[in-house]
Amino acid sequence: MEQKFTKNDLIRYIYKETSTVETMAINEALNSDSKLQMKYRDLLQGYQQLPKVTFNPSAETIQNILGYSQHTALETHW
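Per chain, residues are indexed from 1 in the order of the written sequence. Only residues with pLDDT of at least 70 get local features here, since the model is predicted, and only at 80 or more are side-chain atom pairs given and counted; chain-wide, interface and lining totals rely on the full set of residues. In computing side-chain values, all of the structure's heavy atoms are included and hydrogens and water are not.

**Student:** An account of the packing of helix H2 (residues 20-32) against helix H3 (residues 34-49) is requested, with residue identities and associated values reported.
**Tutor:** Look at H2 against H3: their axes get within 6 Å of each other, and the N-to-C directions meet at 110°. On the basis of the axis angle, H2 is roughly perpendicular to H3. In this structure, H2 meets H3 at a crossing whose hand is left-handed. Every residue of H3 that contacts H2 at Ala 29, Leu 30, Asn 31 and Ser 32 is listed here: Ser 34, Leu 36, Gln 37 and Tyr 40. Here the contact of H2 with H3 is built from residues that sort into four nonpolar, four polar and no charged. Every axis corresponds to a line fitted to the C-alpha atoms, with the helix fit spanning only the stretch in contact, and the corresponding angles, defined between N-to-C directions, vary from 0 to 180 degrees. Secondary structure follows DSSP: runs of H or I at least 4 residues long count as helices, runs of E at least 2 residues long count as strands, and numbering of each begins at the N terminus. For classification purposes, angles smaller than 35 degrees are called roughly parallel, those larger than 145 roughly antiparallel, those between 65 and 115 roughly perpendicular, and all remaining angles oblique. Crossings are sorted by hand: turned counterclockwise from the far helix by less than a right angle, the near helix makes the crossing left-handed, and turned clockwise it makes it right-handed. Contacts are residue-level and defined by heavy atoms, with any inter-residue pair within 4.5 Å sufficient. Three categories are distinguished: nonpolar for Ala, Val, Leu, Ile, Met, Phe, Trp, Tyr, Cys and Pro, charged for Asp, Glu, Lys and Arg, and polar for the others, with Gly belonging to the last.

Structure below.
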């Protein structure tokens, strides 16, 4: 039985969010289904055109997060 993959499946594959079994199945389908290959290439091209963004929180933000984490961790032990 041939499995049908959705755009969402292909996006998860591009972002490496599929399981090993899913990855193997998608690889096999891409090798045998030219329409799926075209959809994949279109999505991959769009992914490659997205800007690569990195975030650098301020030291104050990191301290706030760590303080909150420490505070809530202490609450759960009581």
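**Student:** Account for the packing of helix H1 (residues 7-14) against H3, naming residues and giving values.
**Tutor:** Here H1 crosses H3 at 55°, and the two axes come no closer than 10 Å. Between H1 and H3, the crossing angle belongs to the class labelled oblique. Every pair of crossing elements has a handedness; the one defined by H1 and H3 is right-handed. Together, Lys 7, Leu 10, Ile 11, Tyr 13 and Ile 14 of H1 and Leu 36, Lys 39, Tyr 40, Leu 43, Leu 44 and Tyr 47 of H3 make up the contact between the two elements. Residues that form the contact of H1 with H3 fall into these classes: nine nonpolar, no polar and two charged.

**Student:** So, the pattern of salt bridges: which residues are in play, and what are the values?
**Tutor:** Think of a salt bridge as a Lys or Arg side-chain nitrogen and an Asp or Glu carboxyl oxygen that are within 4 Å of each other. Counted under the stated rule, the structure contains two salt bridges. Of the charged contacts in the structure, one is a salt bridge between Arg 12 and Asp 9, with a shortest N-O distance of 3.3 Å. In this pair, Arg 12 and Asp 9 both sit in helix H1, three residues apart, roughly one turn of the helix. Using a relative accessible area of 17% as the deciding quantity, one classes Asp 9 as buried. Two residues, Arg 12 and Glu 22, come together in a salt bridge whose shortest N-O distance is 2.8 Å. Of this pair, Arg 12 sits in helix H1 while Glu 22 sits in helix H2, and the two are ten residues apart along the sequence. Relative accessibility under 20% of the residue-type maximum defines a buried residue, over 50% an exposed one, and the middle range a partly exposed one, all with a 1.4 Å probe and only protein chains included. A relative accessible area of 21% means that Arg 12 is categorised as partly exposed. Of the residues examined, Glu 22 reaches a relative accessible area of 29% and is grouped as partly exposed. Connected via shared salt-bridge partners are Asp 9, Arg 12 and Glu 22.

**Student:** How would you explain the side chain of Thr 18 if you had to name every residue and give the values?
**Tutor:** Residue position: Thr 18 is located in the loop between H1 and H2. Side chain to side chain, Thr 18 and Thr 23 meet in a polar contact 2.6 Å long. Under this definition, polar contacts are N or O atom pairs within 3.5 Å; protein pairs additionally need one hydrogen-donor-capable and one acceptor-capable atom, and for neighbouring residues in sequence, both atoms have to be side-chain atoms.

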